[in-house]
Amino acid sequence: MPEPTQDPTSGPVRPRRRQARGERRIAQLLDAAASVFCANGYTAASTNSIAREAGVSPGTLYQFFPNKEAIAVELGDQLLTRWRETYGQALTPTHLALPLDRLLDAVIDPLIQFNRENPAFAVLMHGPDIPGQVTQEHDALHSSMLTRVEDILGAYLPDVPKTDTDRVAQMLFTVFKAGLILIMTADPAERDAYTTELKRVLFRYLEPLAEGSGLACRADAPASAH
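Residues numbered from 1 in each chain as written. Predicted model: local features only at pLDDT ≥ 70, side-chain atom pairs only at ≥ 80, totals over all residues. Heavy atoms only, no water.

Undergrad: Which residues make up the overall build of the chain, and what values go with them?
TA: Across its full length, the chain carries 9 helices and 0 strands. The secondary structure elements of the chain, listed N-terminal to C-terminal, are α-α-α-α-α-α-α-α-α. Of all 226 residues assigned to the chain, the portion counted as buried reaches 41%. Counted over contacts in the chain with a minimum sequence separation of 6, partners at least 24 positions apart contribute 68%. Carbon together with sulfur atoms contributes 53% to the accessible area of the chain, which is approximately 12,700 Å² in total. (Helix = DSSP H or I, 4+ residues; strand = E, 2+ residues; numbered from the N terminus. Buried < 20%, exposed > 50% of the residue type's maximum accessible area, 1.4 Å probe, protein only. Contact = heavy atoms within 4.5 Å. Areas by Shrake-Rupley, 256 points an atom, 1.4 Å probe, with all protein chains shown as cover.)

Right, here's the structure in full:
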């Protein structure tokens, strides 16, 4: 009597389902961690509070993460990946043909939107006692982002010496970060107004440089900048 045969497609099905369930659980725990980190700060957060927010037992959490630091590293890695994709799309040479006001819109809006949609990003990137791996990766990404700003600005202001554009890029980067803090800590109803103010500051700073480089035709100020 022939031995029963096994459907060759049936073997991997159960492991895939287990893996999918595990990935959903991990996503659930990371979403809960983001909420807890935002509400309590990283230092005050605990694995028990994260498990409670996720609606699971601490034992279930420990099946996927050994401690709070491991959760922060995984969440930080995901957020940094999304941030890298966001600023890569925002700081692109294709925006160089835009007028200055529209260039600022194209660059700033997606960066602000990312931070508004992912408030845990600021907590993990700038809070105290954050795992070193997260801060190291953030510092490396910070440097690459600044380099991208320098490259974009150098292409936008081709007649300005590189030493000057690098200095301007540093200033723009610092002003943007300060403005972002104001936006993120403002009342939600005021965030759009603060975003407009940040654009106004950056426009007024860049407009004379654009005019001096013969780019005045690309520096048509929006009504809000006057």
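Undergrad: I'd like a description of the nonpolar core, backed by residues and values.
TA: Ranked by size, the top nonpolar core spans 64 residues in total, and within it Phe 37, Ile 50, Leu 75, Trp 83, Leu 111 and Leu 124 carry the most contacts. In terms of residues, this core owes the most to one element, helix α4 (residues 68-90), which gives 9 residues. When neighbours within four sequence positions are excluded, Leu 124 is seen to be in contact with Phe 37, Tyr 42, Ala 72, Leu 75, Gly 76, Leu 79, Ile 130 and Val 134. (Core = buried A, V, L, I, M, F, W, Y, C linked by side-chain atoms within 4.5 Å.)

Undergrad: Describe the packing of aromatic side chains, with residues and values.
TA: In the structure shown here, the tally under the stated rule is 4 aromatic pairs. Ring geometry for Trp 83 and Phe 114: centres 5.0 Å apart, planes at 45 degrees, overall tilted. Taken together, the residues span a long stretch of sequence, with Trp 83 in helix α4 and Phe 114 in helix α5 (residues 100-117) at a distance of 31 residues. Residues Phe 114 and Phe 121 carry aromatic rings whose centres are separated by 5.2 Å and whose planes lie at 85 degrees to one another, so their mutual orientation is edge-to-face. Among the aromatic residues, those joined into a cluster by ring pairs are Trp 83, Phe 114 and Phe 121. (Phe/Tyr/Trp six-rings, centres within 6.5 Å; stacked < 30°, edge-to-face > 60°.)

Undergrad: Tell me about the packing of α5 against helix α8 (residues 162-185), residues and numbers included.
TA: Between α5 and α8, whose axes approach to 11 Å, the crossing angle comes to 45 degrees. Comparing their axes, α8 and α5 come out oblique. Viewed along their axes, α5 and α8 form a crossing whose handedness is right-handed. Residue-level inspection shows Ile 108, Leu 111, Ile 112, Asn 115 and Arg 116 of α5 in contact with α8, the latter providing Phe 176, Leu 180, Ile 183 and Met 184. Tallied by class, residues from the contact of α5 with α8 come to 7 nonpolar, 1 polar and 1 charged. (Axes fitted to C-alpha atoms, helices over the stretch in contact; angles between N-to-C directions. Parallel < 35°, antiparallel > 145°, perpendicular 65-115°, else oblique. Left-handed = near helix turned anticlockwise from the far one by under 90°. Nonpolar A, V, L, I, M, F, W, Y, C, P; charged D, E, K, R; others polar.)

Undergrad: So, the environment of Gly 179: which residues are in play, and what are the values?
TA: In this structure, Gly 179 sits in helix α8. Taking relative accessible area as the criterion, Gly 179 reaches 10% and is therefore assigned buried. With 15 residues separating them along the chain, Gly 179 and Tyr 194 place their C-alpha atoms 7.7 Å apart.

Undergrad: Break down the pattern of salt bridges for me, with residues and values.
TA: Scanning the model with the defined rule gives 6 salt bridges in all. In this structure, Asp 192 engages Arg 116 in a salt bridge whose closest nitrogen and oxygen atoms are separated by 2.9 Å. Taken as a pair, Asp 192 in helix α9 (residues 191-212) and Arg 116 in helix α5 lie far apart in primary sequence, 76 residues in all. The class for Asp 192 is exposed, based on a relative accessible area of 52%. (Salt bridge = Lys/Arg side-chain N within 4 Å of Asp/Glu carboxyl O.)

Undergrad: Describe α4, and please don't skip the residues or the numbers.
TA: For α4, which comprises 23 residues, the first-to-last C-alpha distance of 32 Å matches the rise-based estimate of 33 Å (1.5 Å per residue) to within 8%. Every buried residue of α4 is listed here: Lys 68, Ile 71, Ala 72, Val 73, Leu 75, Gly 76, Leu 79, Leu 80, Trp 83, Thr 86, Tyr 87 and Ala 90. Capping the start of α4, Asn 67 holds a side-chain oxygen 3.2 Å from the backbone nitrogen of Glu 69, two or three residues further along. (Expected span 1.5 Å × (residues − 1). Polar contact = N/O pair within 3.5 Å; in protein donor to acceptor, adjacent residues only side chain to side chain.)

So yeah, pure geometry; function would need other evidence.
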